[in-house]
Amino acid sequence: MLFAKQAPKESLVVRGARVLDPVEGIDAVMDVRVDDGMIAALGANLDANSHKVIEAGGLLLAPAFVDPHVHLRTPGREDEETIASGTAAAAAGGYCAILAMPNTDPVVDSAATLGSLVESARTEAEVPVGFLAAITKGQAGSELAELGELADAGAAGFSDDGVPIASPGLMRRALQYGSVTGRRVALHCEETTLSRGGQMHEGAVSAELGFTGYPSVAESLMVERDLALAAYEGQPLHLLHLSAWESVQALRRAREAGIAATAEVTPHHLCRTDEAVRSLDPNLKMNPPLRSADDRAALIAGLQDGVITAIATDHAPHARHEKEVPFEAAPFGVTGLETAFSAIYTQLVEPGLVPLETILERMSAGPARAYGLDAPRIAVGAPANLVLLDLKASWRVTEDGFRSRSVNSWLLGETVKGRVRATVAAGRLAYSA
Amino acid sequence: MGEIHVMREDLRPPDPPPRRHFISIKDVTRDDLERLMATARTFERSLEREVKKLPTLKGRLVINMFYESSTRTSSSFELAAKRLSADTMSIKAAGSSVDKGESLKDTAITLGAYDPDVIVIRHPQIGAPQLVARVTDAHVVNAGDGKHQHPTQALLDLYTIREEFGRIEALHVAVVGDVLHSRVARSLTQALLLMGARVTLVGPPALLPRGIEAMGCESTTDIAAIAAADVVYVLRMQRERMEEGANFVPSLREYTARWGVTPARLRPGQKVMHPGPMNRGVEIDPRVADDADALIEAQVRAGLVTRMAVLYDLLVGAPAPVPVGEPVGVA
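Predicted model only: the values in this text are computed from it and were never measured.

Asks: Please clarify how the overall build of chain B should be interpreted in this entry.
Replies: Secondary structure assignment for chain B yields 10 helices and nine strands. Looking at the 331 residues of chain B, the share that counts as buried comes to 45%. For chain B, the share of sequence-separated contacts (at least 6 apart) that also reach a separation of at least 24 residues comes to 75%.

Following this line, the structure appears as structure tokens:
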């Protein structure tokens, strides 16, 4: 389900880092040796043999990150992102695996389109990438795509991300077929008759600025519907980019009732509120929108207590000229692969809102499990998927610092703390700085 | 060639103007509004003279960019600039390179190359004036951006109220109608609150934006609430924004029956305002519009002098010296 370019596996020793793997229960200063891409030894003063040595005193070594929600814009908008540029950005952000959404041009709704992406990934992907395929043909919401064939062709899951499935009957059919494909169905929850024309969260800020509001209930109503269908069919589902307090409460109740639902949240929804939109900066426009302080608090609480198990960037590159327009004319979406950890470390970990261990788990094992992927872990015999982090380094987010082809970051101009120093993805040193 | 080079800097006043732009009421203080109204009053006196043109902004360039239809705002900005002897240029979306798909940014940069002192912009999208301000060196005046702000309308309305009542503080203003789609309602409410007035928004539930009370005003769906106000400010029903199937109100007929401002709903002596253009017989009864207590014509007159004040304030700076300047001979 994951594809990357063929490259020789690395042999290296990471010397003297604080090794922190919350899932394996490791938190100690030690060396990690990788032989031919596999973790071969953990311990003090490991023999380097002839391996490359990374001196990592004062740094943190953790399981590398998994991003379950990336837009690679390929095919169709290679000016905004390609498999090569998007996976290079992922490597720079500490990711060892990403999943790409199928809302491309053409939509990934046939084995032929999926096959050509897989071929490209095998020659250009810097880190392993999986491709979600569309649930419905053309993401048009009327007919199921050939989900079985797409699964056989390597689809990592199914989603009509960006477009909600309006018909409950069709949604039910998609969930039913999940038992055939064995792949997760991932849902963008939005009741468009409530969100139509919406530019930002509906509340005091939208009332004052004059923007048409996109109310929380437009999301939570659809979350409730899809959870009810999942319960009825006894099928798992994954909820994309939750933004609203009501959605978190609905998910919490469903999980307590035993429904196999997982959910993700983005760094921007964890770090910002609708107050930020007062700047009218189009790089703060995304779907779902930034919501109120209460919504943000509920997302943080949900992440903290494990109702929300994954952090996803929803990395959505847009051409500069498409974002350099009035807020209302700008497309939805912001980039995030290269800033996710730093943003969250700065805004949630440093102020003491969420422990570092929780963040590391929600950025790695959590999203991997949501899609049935092997979780990155630091254990002898496991493939090397490692991120080396400098928690003391501050840096300024600037347009010229990105490997992504697009610069529509919601953090431009800001100084953040915590920097990725190296990424090992599937046994290969994919990034070092 | 023997040309005389006059440096731009030589033509500038020694003190920099206090505000670069006039984009949102949120950006200004009560002092700013007081100063602008005082300047406007000076200009009103100057317009009573036989020759109405002042040399104050001679050699300055004011570009009007109008991406939406407008009669009173565009004409009053144009006349305001001319009365102050500035050169003016008016660009309308129709018939310009906007028709050929040019982006706002590129159009603004193109016009910015003429080195305008002020760009006045009206645009259907929120945030357009901020974009123009980012990509040009001109002072930017917002002549209406989508449903967001129309600060010069708010200023002329304040001026009209002040002229009528002699004060704004502690007055009660009811703003009636389609608040949701109204940039006028937003900027006026903010301006009135800044000046210490009380504001009640009145309209159908779907046309009162959720959360609007956070601005510091009250809101109600009960039209009877207007009877308590000193001023009833009637908003235009923006029929062009009432897209099919939105069902903001069941019908215009029902809107008029429930929320139309009629003589029966007003107390004698209550002052009525409307930003124009009016839909007579929809939001406002013709008898109300034509009554002596309507300040609608005074608003139009105030539009000219307050826009002169805005241009003057941005380019010459505050406070306004009196007299503002001697009239020039040729209009």
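The discussion continues.
Asks: Can you walk me through the packing of helix α2 (residues 30-46) of chain B against helix α10 (residues 296-315) of chain B in this structure?
Replies: Describing two packed helices takes the angle between their axes plus the distance from one axis to the other. Residue and element names in this part refer to chain B. As a packed pair, α2 and α10 sit with axes 8 Å apart at the nearest point and diverge in direction by 115 degrees. In the crossing of α2 with α10, the sense of the turn from one axis to the other is right-handed. Facing Arg35, Leu36, Thr39, Ala40, Phe43 and Glu44 of α2, the residues of α10 in contact are Val305, Thr306, Met308, Ala309, Val310, Tyr312 and Asp313. Considering only residue class, the contact of α2 with α10 consists of eight nonpolar, two polar and three charged.

Asks: Would you mind showing me how to read the confidence of the model for chain B here?
Replies: When pLDDT is low, close inspection of the predicted coordinates is not appropriate. Residue and element names in this part refer to chain B. Of all residues in chain B, 90% have pLDDT values of 70 or greater, and the mean over the chain is 89. Low confidence marks residues 1-14, where pLDDT is under 50. Its contacts with residues over four positions away, or in another chain, come to four contacts. Across residues 320-325, where pLDDT falls below 50, the model places 13 contacts with residues more than four positions away in sequence or in other chains. Across the whole predicted complex the pTM is 0.92, and at the interface the ipTM reaches 0.88.

Asks: Would you explain the domain arrangement of chain B in this entry?
Replies: A common way to state how big an interface is: give the accessible area lost once the parts meet. All names here are of chain B. For chain B, the domain assignment lists domain 1 (8-149 + 301-315) and domain 2 (151-298). Contact with domain 1, which involves 25 residues of that partner, is made by 21 residues of domain 2. Counting residues per element, the ones that place at least two in the side of domain 1 that touches domain 2 are α2, β4 (139-145) and α10. Here the side of domain 1 that touches domain 2 gets six residues from one element, more than from any other, and that element is α10. Partitioned by chemical class, the residues of the side of domain 1 that touches domain 2 number 11 nonpolar, eight polar and six charged.

Asks: For this particular structure, what's the right way to read the packing of helix α7 (residues 216-233) of chain A against helix α8 (residues 245-256) of chain A?
Replies: All names here are of chain A. For the pair α7 and α8, the least separation of the axes is 8 Å and the interaxial angle reads 15 degrees. As the angle between them shows, α7 and α8 are arranged roughly parallel. Here α7 and α8 pass one another in a crossing that is right-handed. Across from Ser216, Val217, Glu219, Ser220, Val223, Glu224, Leu227 and Ala231 in α7, the residues of α8 making contact are Trp245, Glu246, Ser247, Ala250, Leu251 and Ala254.

Asks: What is the right way to look at the pairing of strand β8 (residues 129-133) of chain A in this model?
Replies: Side chains on a regular strand alternate between the two faces of the sheet. Residues and elements named next belong to chain A. The buried count for β8 comes to five of five residues, which makes it a mostly enclosed element. Side chains of β8 alternate between two faces, with Val129, Phe131 and Ala133 and Gly130 and Leu132 buried alike. In this structure, strand β7 (residues 95-100) lies alongside β8, joined through three bridges in parallel fashion. Counted as the bridge partner of Leu99 is Gly130 from β8. One ladder, built from two bridges, connects β8 with strand β9 (residues 157-159); its direction is parallel. Looking across to β9, one finds that Ala133 is bridged to Phe158. One crossover worth recording links β8 to the parallel β9 by way of helix α3 (residues 147-152), and it is right-handed.

Asks: Where do I start with the pairing of strand β6 (residues 198-202) of chain B in this structure?
Replies: Residue and element names in this part refer to chain B. Counted residue by residue, β6 has four buried out of five residues, so it is predominantly covered. Bridging between strand β5 (residues 172-176) and β6 involves five bridges; their strand directions are parallel. What sits directly across from Val176, in β6, is Val202. Handedness of the crossover joining β5 and β6 through helix α7 (residues 183-194) is recorded here as right-handed. Of the strand pairs in this sheet, β6 and strand β7 (residues 218-220) are connected by three bridges, and their pairing is parallel. Looking at β7, one finds that Val202 is bridged to Thr220.

Asks: Even after reading the chapter, I still don't get the sheet that holds strand β9 (residues 271-273) of chain B, so can you show me in this structure?
Replies: Note on sheets: strands pair through backbone hydrogen bonds, and any given pair is parallel or antiparallel. All names here are of chain B. The sheet built from five strands is open, its strands ordered β7-β6-β5-β8-β9 with parallel pairing. Strands at the two margins of the open sheet, each flanked by one partner only, are β7 and β9. Going across the sheet, the axis of each strand differs from the next one's by a mean of 20 degrees, ignoring polarity. Of the strand pairs in this sheet, strand β8 (residues 231-234) and β9 are connected by three bridges, and their pairing is parallel. Looking at the pairing, Val231 lines up with Lys271 of β9.

Asks: Where do I start with the interface of chain B and chain A in this structure?
Replies: With 21 residues of chain B in contact, the opposing surface of chain A contributes 17 residues. Secondary structure elements with two or more residues in the side of chain B that touches chain A: α4 (104-112), α5 (128-135) and α7 of chain B. Considering each element in turn, the side of chain B that touches chain A owes the most residues, three residues, to α5 of chain B. Class assignment for the residues of the side of chain B that touches chain A results in eight nonpolar, eight polar and five charged.

Procedures and definitions
Residues numbered from 1 in each chain as written. Chains lettered and ligands numbered in written order. Predicted model: local features only at pLDDT ≥ 70, side-chain atom pairs only at ≥ 80, totals over all residues. Helix = DSSP H or I, 4+ residues; strand = E, 2+ residues; numbered from the N terminus. Buried ≥ 20, exposed ≤ 12 C-beta atoms within 10 Å, placed from the backbone. Contact = placed C-beta atoms within 7 Å. Axes fitted to C-alpha atoms, helices over the stretch in contact; angles between N-to-C directions. Left-handed = near helix turned anticlockwise from the far one by under 90°. Nonpolar A, V, L, I, M, F, W, Y, C, P; charged D, E, K, R; others polar. pLDDT = per-residue confidence, 0-100. Domains from an automatic or database assignment. Parallel < 35°, antiparallel > 145°, perpendicular 65-115°, else oblique. Pairing = 2+ DSSP bridges. Right-handed = clockwise from strand over helix to strand, strands pointing away.

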